[in-house]
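Coordinates in review
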Amino acid sequence: MKLHYLVAAAFSTSIAFPAHADDMAKYQDEARKVIKEFATQLGGELKKEMEANGPASSIKVCRDIAPAIASEASRKNGWHVSRVSLKVRNPLLGTPDAWEQKVLTDFDKRLEKENPANMDFAEIVTEPQGKYFRYMKAIPLQDVCLKCHGTDEVRAQPAKDTLATEFPHDKATGYTLGQIRGAFTIKRPLF
Ligand code: HEC
């Protein structure tokens, strides 16, 4: 009886949560596609606004448009899609959970040997509620980011003053080109 129960449990687990290589590849492809769309849309908006109206006016792109795109992608897919960082400007939206902290720390280590433009990581994790597919993609610092996330000398006025007023606890400065600003992150329930 006991054995039956164990076999049934093992069987139903493997049916409910197939974690085969094929599935992983499929989830990863889907995650990459969603993030690519997010990054392209955000990058386009930022470039357009920076060129047309400069850094002070572009604050709204990182502050309002990025979370709006993430929110729409989350609703559309039924996943949690956002951006996180080890040094946040907005702690409400940008604070990584324990798994994300580990991956971000790992990304910084991988930077010694890898191009951050292609750096990502995927894993299936088990939590009390069930299994999740989790995915993160590094966000490298580009030239355009330094105006608001760079060192003191490179950051642009008047965006600098606006940021100081709006984000008095801002930790997201002092970055240089090629470093990792944070990551796009996806948490997809597999139940
Ligand atoms: C015009 C100023 C400005 C520029 C340029 C800018 N950002 Fe930001 N960034 C912000 C603001 C403001 C926030 C806070 C967003 C919020 O309130 O959620 C932010 C937040 C972020 C976050 C979320 C984590 C956090 O710190 O809260 C990431 C990741 C990020 N920026 C990456 C970038 C990257 C990469 C670039 C260049 C491609 C860039 N930013 C360019 C102003 C800027």
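Presented here is a report on the structure given in the accompanying data block. Treat the numbers as computed from the prediction; the structure is a model and nothing was measured.

Some words on the coordination of the iron atom of the ligand
- Every protein donor of the iron atom of the ligand is accounted for by C62 (SG) and H149 (NE2), and the metal-donor separations fall at 2.1 to 2.3 Å.
- For the iron atom of the ligand, the 6 donor atoms are set out with angles of 87 to 178° between them, so the coordination reads as octahedral. Highlighted residues: C62 in helix 2 (residues 21-77) and H149 in helix 5 (residues 146-149), separated in sequence by 87 residues.
- We classify H149 as buried; its relative accessible area is 8%.

Describing the pairing of strand 4 (residues 180-189)
- Taking burial as the measure, the 10 residues of strand 4 include 9 buried ones, the bulk of the element.
- Pairing of strand 1 (residues 80-84) with strand 4 involves 5 bridges; the strand directions are antiparallel. Its bridge partner lying in strand 4, V84 is registered against A183.
- Sheet analysis places strand 3 (residues 130-140) next to strand 4, joined by 9 bridges and oriented antiparallel. When the sheet's bridge partners are listed, R134 is paired in strand 4 with K187.

Considerations on the pairing of strand 2 (residues 120-127)
- Taken together, the 8 bridges between strand 2 and strand 3 define a ladder with antiparallel strand orientation. Following the sheet pairing, T126 is matched in strand 3 by K131.
- Counting the residues between successive antiparallel strands, the hairpin from strand 2 to strand 3 contains 2 residues.

Some remarks on the packing of helix 2 against helix 6 (residues 159-166)
- Direction vectors running N to C along helix 2 and helix 6 enclose 45°, while the axes themselves pass 8 Å from each other. The pairing of helix 2 with helix 6 is recorded here as oblique in orientation. For helix 2 against helix 6, the interelement crossing comes out right-handed. Contacts from P55, A56, I59 and R63 in helix 2 reach A159, T162, L163 and E166 in helix 6.
- Of the residues in the contact of helix 2 with helix 6, the class split is 5 nonpolar, 1 polar and 2 charged.

Structural notes on the sheet that holds strand 1
- Spatial ordering of the open sheet is given by 1-4-3-2, a layout of 4 strands whose pairing is antiparallel. Because the sheet does not close on itself, it has two edges, and the strands there are strand 1 and strand 2. Averaged over all pairs of adjacent strands, the angle between their axes in this sheet comes to 20°, without regard to strand direction.
- Contacts from helix 2 reach strand 1, strand 2, strand 3 and strand 4 within the one sheet, and its direction differs from that of strand 1 by about 50°.

Some points on the nonpolar core
- In terms of nonpolar packing, the biggest core is built from 22 residues, with F38, V81, F133, Y135 and I186 touching the most fellow members.
- When residues in this core are grouped by element, the largest group, 13 residues, is from helix 2.
- In this structure, F38 is in contact with A66, I69, A70, V81, R83 and F184, ignoring residues within four places of it in sequence.
- One finds W99, V103, F107 and M119 within the second-largest nonpolar core, a separate group that totals 12 residues.

Criteria and thresholds
- Residues numbered from 1 in each chain as written.
- Predicted model: local features only at pLDDT ≥ 70, side-chain atom pairs only at ≥ 80, totals over all residues.
- Heavy atoms only, no water.
- Donors = N, O, S within 2.8 Å, 3.2 Å for Na, K, Ca; no water.
- Tetrahedral: all angles 85-135°; square planar, octahedral: opposite > 155°, others 65-115°.
- Helix = DSSP H or I, 4+ residues; strand = E, 2+ residues; numbered from the N terminus.
- Buried < 20%, exposed > 50% of the residue type's maximum accessible area, 1.4 Å probe, protein only.
- Pairing = 2+ DSSP bridges.
- Axes fitted to C-alpha atoms, helices over the stretch in contact; angles between N-to-C directions.
- Parallel < 35°, antiparallel > 145°, perpendicular 65-115°, else oblique.
- Left-handed = near helix turned anticlockwise from the far one by under 90°.
- Contact = heavy atoms within 4.5 Å.
- Nonpolar A, V, L, I, M, F, W, Y, C, P; charged D, E, K, R; others polar.
- Core = buried A, V, L, I, M, F, W, Y, C linked by side-chain atoms within 4.5 Å.

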